[in-house]
Amino acid sequence: MNKIDLNNFRVASSETARDINRRIVLNLVRKHQPISRASIARRSGMQRSTVSAITEQLLAERWVIEGATGHLPRGRKPTFLHLNLDRSGIIGVDIHPDVTTLAVANLDMKILAHESMPTGNDPNDFIARLGRRIVDLMRAHPKSSYEGIGISVPGRIDPASHRLTFAPNLHWHDVDFQAPLEQLTGLKVEIENAANACALTELWANRHGEGVSNLIAVTVSEGIGVGMIMNGQLLRGAQGVTGEFGHVSLDASGPKCHCGNRGCWEVLASNTAAMRSYAAFASGRKVQAGSKSDMSPLPFSDLLRLAEQNDVIAGKSLDQMAHQLGAGLAMLVTGLAPEVIVVIGEVTRAWNRVGPIVDAVIQQRSLTHANTRIVTSDPETWPRLRGAITLVAQRQFMAQLM
Ligand SMILES: [Zn+2]
């Protein structure tokens, strides 16, 4: 069951209802803190006595704490409830082909500390190193408990086996992160495709309005990932590989992709595509000038900086990437018509330049009446890492389990 709906919950009445009601109360405290018991009862439709019993339990378990008293006109003074942010920590891990970032966050998703490590080529060696780093990180940031580890990966996870099955940019096949990391750290591990995790966190953070239930997250980095929430449900599909629009071929005679295909959307529109165009333009210029071409690829962050400084070749490479990004986004707008598409990645730093090109291509190519808003997620807020952290946080707060 992939149902997530934080807003249209029903108060359950069966045996398992207690757990569901508990998550509803905890989620209302998270969203509306400081909040009174009366307000929780009003917002949830639960009996006051049920709310009182649940809050007593949450207070005893130190999930919530009581704060200041409020003032009501008729003289009663309700006590407000807050999340106990010191109670628990969450570990988030964001894997990229070159670098992996890990962080400690509190229950409110605030990142308290972060560090990075090289990813490397060997998955077993990586898992062993990651396990040690996580244990060290927890020791450096003692909490009364750690709720778990959330991992976002540039690949697809089989929902039955929880193994990484498709990750062309990592070059890893059929890897089990969960069992060895749980053994090394003693914590429960949640692992998810990075774009799926980003889609979840965008909905969870409620950045796009209460009514949004069709949202697509597009992560743009070494490749392109697409995570889709449709009618409030995260789409994973039978083998967990739903959403691989990054590997839809848009140009059969285009450059070769790591997946084996040619001209995939991600080969044309990822950071790697802009870096490849830049290298081609720059070596062309060198050949014209009569010198030998010995270019090593320019890092994408440098390419963005050069474009900002009006370097013609960097600008041209970025514009080409923007055009191809728009072509793929037009496919998503026409085919799926979500309310919101969130673009995540370093390229959003240059959205002043890239955004208008993307919008123009979408307008030109998508002729339906889809009213999709294209928005960006600020790279400074670590969207992929927050996605990983959400995977763990949602276990405590979601009214319905994923
Ligand atoms: Zn491909």
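Here the structure is a predicted model, which means the values were calculated and not measured.

Colleague: Got a minute to help me understand the overall build of the protein in this structure?
Modeller: Within the protein, the regular secondary structure consists of 12 helices and 14 strands. For 402 residues, the compact-globule estimate of 2.2 N^0.38 gives 21 Å, and the protein sits close to it at 23 Å. Dimensions of the protein, computed from the C-alpha atoms along their principal axes, are close to 85 × 50 × 40 Å. Across the protein, contacts joining residues at least 24 apart in sequence account for 63% of those joining residues at least 6 apart.

Colleague: Quick question: what am I supposed to make of the sheet that holds strand β13 (residues 340-344) here?
Modeller: In a beta sheet, neighbouring strands pair by backbone hydrogen bonds and run either parallel or antiparallel. Reading across the sheet, the 5 strands line up as β12-β11-β10-β13-β14 and stay open at both edges, with mixed pairing between neighbours. Where the open sheet ends on each side, the last strands, each with one partner, are β12 (233-234) and β14 (373-376). Of the pairings in the sheet, the one linking strand β10 (residues 215-220) to strand β11 (residues 224-230) comprises 6 bridges and is antiparallel in character. Counterpart to Val220 in the pairing with β11 is Ile224. Of the strands in this sheet, β10, β11, β13 and β14 are in contact with helix α10 (residues 312-336), which crosses β10 at around 160°.

Colleague: Can you help me understand the pairing of strand β5 (residues 111-118) in this one?
Modeller: The side chains of a regular strand alternate, residue by residue, between the two faces of the sheet. Inspection of the sheet shows strand β4 (residues 99-106) paired to β5 by 7 bridges, in the antiparallel sense. Looking at β5, one finds that Thr101 is bridged to Ser116. What sits between β4 and β5 in their antiparallel hairpin is a turn of 4 residues, with Met109 showing a positive phi close to 70°.

Colleague: What should I look at first to understand helix α6 (residues 194-204) in this one?
Modeller: Within α6, 11 of the 11 residues are buried, which leaves it mostly tucked inside the rest of the structure. For α6, the complete set of buried residues consists of Ala194, Ala195, Asn196, Ala197, Cys198, Ala199, Leu200, Thr201, Glu202, Leu203 and Trp204. Looking one or two places after α6, you find Asn206, whose phi comes out positive at around 60°.

Colleague: Hey, could you run me through the domain arrangement of the protein in this one?
Modeller: Note on interface size: it is often stated as the accessible area lost on association of the parts. Taken domain by domain, the protein comprises domain 1 (17-83), domain 2 (89-201 + 384-396) and domain 3 (207-380). Domain 1 and domain 2 are separated by 32 Å when their C-alpha centres are compared.

Colleague: Can you walk me through the sheet that holds strand β9 (residues 189-193) in this structure?
Modeller: What the 5 strands build is an open sheet, ordered β5-β4-β3-β6-β9; its pairing is mixed. The outermost strands of the open sheet, each flanked by one partner alone, are β5 and β9. When strand polarity is set aside, the average angle formed by the axes of neighbouring strands in this sheet is 20°. Where strand β3 (residues 88-95) meets β4, 7 bridges bridge the pair, whose relative direction is antiparallel. Residue pairing in the sheet places Asp94 in a bridge with Thr101 of β4. Each of β6 (145-153) and β9 touches α6; the most contacted strand, β9, lies at about 100° to it. Helix α12 (residues 383-397) contacts β3, β4, β5, β6 and β9 of the sheet and is inclined by roughly 135° relative to β6.

Conventions used here
Residue numbers restart at each chain and count upward from 1, following the sequence in its written direction. Side-chain atom pairs in this predicted model are given and counted only at pLDDT of 80 or more, local residue features only at pLDDT of at least 70, and totals for whole chains, interfaces and linings cover all residues. Under the scheme used here, helices are H or I runs from DSSP no shorter than 4 residues and strands are E runs no shorter than 2 residues, and both carry numbers assigned from the N terminus. Computation of the radius of gyration draws on C-alpha atoms alone. For the globule rule, the value is 2.2 Å times the number of residues to the power 0.38. Each residue is represented by a C-beta atom placed from its backbone, and any two residues with such atoms within 7 Å are regarded as in contact. When DSSP finds at least two bridges between two strands, those strands are taken to pair. Here, axes are lines fitted to C-alpha atoms. For helices the fit covers the stretch in contact, and angles between N-to-C directions go from 0 to 180 degrees. Buried means a residue has 20 or more other C-beta atoms within 10 Å of its own C-beta, exposed means 12 or fewer, and partly exposed covers the counts in between; C-beta atoms are placed from the backbone. Where each domain begins and ends follows an automated or database-derived domain assignment.

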